[in-house]
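# Topology and contacts: notes
Spelled out, the chains give:
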Amino acid sequence: CFFAGFSPDSQTLATRELEGIVLWDVATGKEKRRIPRVGPPLVMPFLLLIESVVFLPDGTLLENDAAQVRFWDPDTGKQRFDLTPPADLPPPPPR
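An account of the accompanying structure is given in this report. Please read all numbers here as calculations on a predicted model, not as lab measurements. (Residues numbered from 1 in each chain as written. Predicted model: local features only at pLDDT ≥ 70, side-chain atom pairs only at ≥ 80, totals over all residues. Heavy atoms only, no water.)

Take the pattern of salt bridges next. Taken as a whole and judged by the stated rule, the model has 2 salt bridges. Notably, a salt bridge pairs E31 with R34, separated by 3.1 Å at the nearest N-O pair. Since its relative accessible area comes to 38%, E31 is described here as partly exposed. For R34, a relative accessible area of 45% puts it in the partly exposed group. For D73, the salt bridge goes to R80, with nearest N and O atoms at 3.6 Å. The exposure class of R80 is partly exposed, given its relative accessible area of 42%. (Salt bridge = Lys/Arg side-chain N within 4 Å of Asp/Glu carboxyl O. Buried < 20%, exposed > 50% of the residue type's maximum accessible area, 1.4 Å probe, protein only.)

So, in structure tokens, the structure goes:
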């Protein structure tokens with residue numbers, strides 16, 4: 001995994017993997033839940049990976065990839081909502 005984040009109560013660790021997000025029980029080291037990656041099939045995995053995983057203070061799990069930001073309920077594994085840029089948004093200027 002490349003990114004990880006602790007829940008506000010430090011009892012859960014979220015890690016990012018190719019297939020999505022894995023939630024771990026810190027006390028036992030056991031897997032609590034998997035949240036599958038959302039999106040098209042991985043053709044070039046290194047380009048479409050989840051880029052970060054962060055818990056917000058209220059316990060909501062936030063993850064982002066190159067195209068959007070998603071908010072998850074870590075207790076149910078269900079997506080609460082997402083932020084997707086408009087399809088006609090121009091690309092950022094070159095650096």
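Our next topic: unusual backbone geometry. A positive phi angle is found at S10, which is not glycine, with a value near 60°. Following the sequence through the fold, S10 ends up in the loop between β1 (4-6) and β2 (12-17). With a relative accessible area of 45%, S10 lands in the partly exposed category. (Helix = DSSP H or I, 4+ residues; strand = E, 2+ residues; numbered from the N terminus.)

Our next topic: the packing of aromatic side chains. In the structure shown here, the tally under the stated rule is 1 aromatic pair. Where F71 meets F81, the ring centres are 4.4 Å apart and the plane angle is 20°; that geometry is what we call stacked. Note that F71 is positioned in strand β7 (residues 69-73) and F81 in strand β8 (residues 78-83), a separation of 10 residues in sequence. In this structure F71 comes out as buried when scored by relative accessible area, which is 10%. The class for F81 is partly exposed, based on a relative accessible area of 43%. (Phe/Tyr/Trp six-rings, centres within 6.5 Å; stacked < 30°, edge-to-face > 60°.)

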